[in-house]
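# Structural overview for review
The residues making up each chain are set out below.
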Amino acid sequence: GTLGCKYVIVPDAPKPGTVVVAAKPIAPAPAPEPALPLGNSWDVPESMKRTKIRNQGKGIKKKIIALTFDDGPSENITPQVLDILDENKIKATFFLMGIQMHARPALVKEIIRRGHAVGNHTYTHARNPDQYVAEEELKNWDNLFKDITKRSTGLFRPPFGNLKSAYSSAALKAGYPLILWTNTGADTSKHINAEKVYKAVMEQLKPGDIVLLHDSKDKQHTATALPNIIKSIRDEGYSFVTVPEMLKEWDSFAAENEKPKPTEKHTEPKK
């Protein structure tokens with residue numbers, strides 16, 4: 001070329017008939033899904049972590065009740081229970097099984113979206129797992145719950161209320177309290193019906209009760225009894241709380257009524 005001339009390199013023109021496709025812009029990575037709103041706090045009092053929660057609120061006078069539902073979520077009963085609780089403006093506590101959460105993650109989210117508390121009720125609800133299986137089930141439950149909700153829970157209820165099972169040992173090791181109940185609708189009994197569930201709850205009713213019910217697929221009698229249970233409990237002047245709220249009330253009651261430790265008398269030594 002001639003000295004002083006400038007050259008510009010341009011790409012070859014496309015051949016006739018060639019279709020030119022513009023490069024697609026790279027889509028930004030999706031934002032992480034936010035954690036579901038928590039509603040009321042699920043914190044457990046420090047004094048109740050790694051402990052067996054049976055009836056530490058015995059003698060409490062405050063007329064409060066905690067409704068709990070085990071073994072769900074089920075496709076047919078859990079939505080009925082949620083709607084009844086909503087209609088009555090009640091927050092309850094659901095102890096969920098991992099295999100049911102895996103099958104119905106949308107229902108798990110719905111339980112939390114409506115402001116209820118959730119606890120770990122193991123993955124498979126086995127009767128006699130060994131220690132390794134129990135520990136793995138608790139971890140798998142935790143991981144699944146975090147995947148679905150982006151949250152964790154400090155609540156645990158052992159299957160069958162067995163405080164000596166490998167599940168209970170694993171839960172205590174993991175820092176959970178073992179949360180039992182003080183009142184039951186006996187809704188897993190043979191030949192049960194809605195009237196018997198209602199009577200079982202009401203005949204035992206006392207302030208500070210944690211009531212055991214179930215929302216598994218065969219518990220239509222529980223869903224049928226629930227509106228009458230709620231109405232009768234309210235008619236007796238009670239209000240409803242979640243298990244974490246109840247444990248805080250139990251903890252305060254125990255602190256207020258703790259007996260002072262005897263003090264040693266100081267006497268002057270004899271001369």
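Here is what the cut-offs are and how they apply
Residues numbered from 1 in each chain as written. Predicted model: local features only at pLDDT ≥ 70, side-chain atom pairs only at ≥ 80, totals over all residues. Heavy atoms only, no water. Buried < 20%, exposed > 50% of the residue type's maximum accessible area, 1.4 Å probe, protein only. Helix = DSSP H or I, 4+ residues; strand = E, 2+ residues; numbered from the N terminus. Pairing = 2+ DSSP bridges. Right-handed = clockwise from strand over helix to strand, strands pointing away. Polar contact = N/O pair within 3.5 Å; in protein donor to acceptor, adjacent residues only side chain to side chain. Contact = heavy atoms within 4.5 Å. Axes fitted to C-alpha atoms, helices over the stretch in contact; angles between N-to-C directions. Parallel < 35°, antiparallel > 145°, perpendicular 65-115°, else oblique. Left-handed = near helix turned anticlockwise from the far one by under 90°. Nonpolar A, V, L, I, M, F, W, Y, C, P; charged D, E, K, R; others polar.

### With respect to the pairing of strand E3 (residues 93-96)
The side chains of a regular strand alternate between both faces of the sheet. Neither face of E3 is open: one carries Thr93 and Phe95, the other Phe94 and Leu96, and all of them are buried. Sheet analysis places strand E2 (residues 64-70) next to E3, joined by three bridges and oriented parallel. What sits directly across from Thr68, in E3, is Thr93. The handedness of the E2 to E3 crossover, carried by helix H1 (residues 77-87), is right-handed. In terms of strand pairing, E3 meets strand E4 (residues 117-120) through four bridges, oriented parallel. Opposite Leu96, over in E4, you have Asn120 as the bridge partner.

### Digging into the side chain of Ser74
Turning to its location among the elements, Ser74 is positioned in the loop between E2 and H1. One polar contact links the side chain of Ser74 to the main-chain carbonyl oxygen of Asp215, over a distance of 2.6 Å. In this view, Ser74 contacts Pro79, Arg104, Leu107, Asp215, Ser216 and Lys217; residues no more than four positions away in its chain are not counted.

### Comments concerning the packing of helix H4 (residues 131-149) against helix H5 (residues 166-173)
For the pair H4 and H5, the least separation of the axes is 8 Å and the interaxial angle reads 55°. With respect to H5, the element H4 is oriented oblique. Regarding H4 and H5, the two cross each other, and that crossing is right-handed. In this structure, H4 uses Gln131, Ala134, Glu135, Glu137 and Leu138 to contact H5, whose residues at the interface are Ala166, Tyr167, Ser169, Ala170, Ala171 and Lys173. Looking at the contact of H4 with H5 residue by residue, the classes come out as six nonpolar, two polar and three charged.

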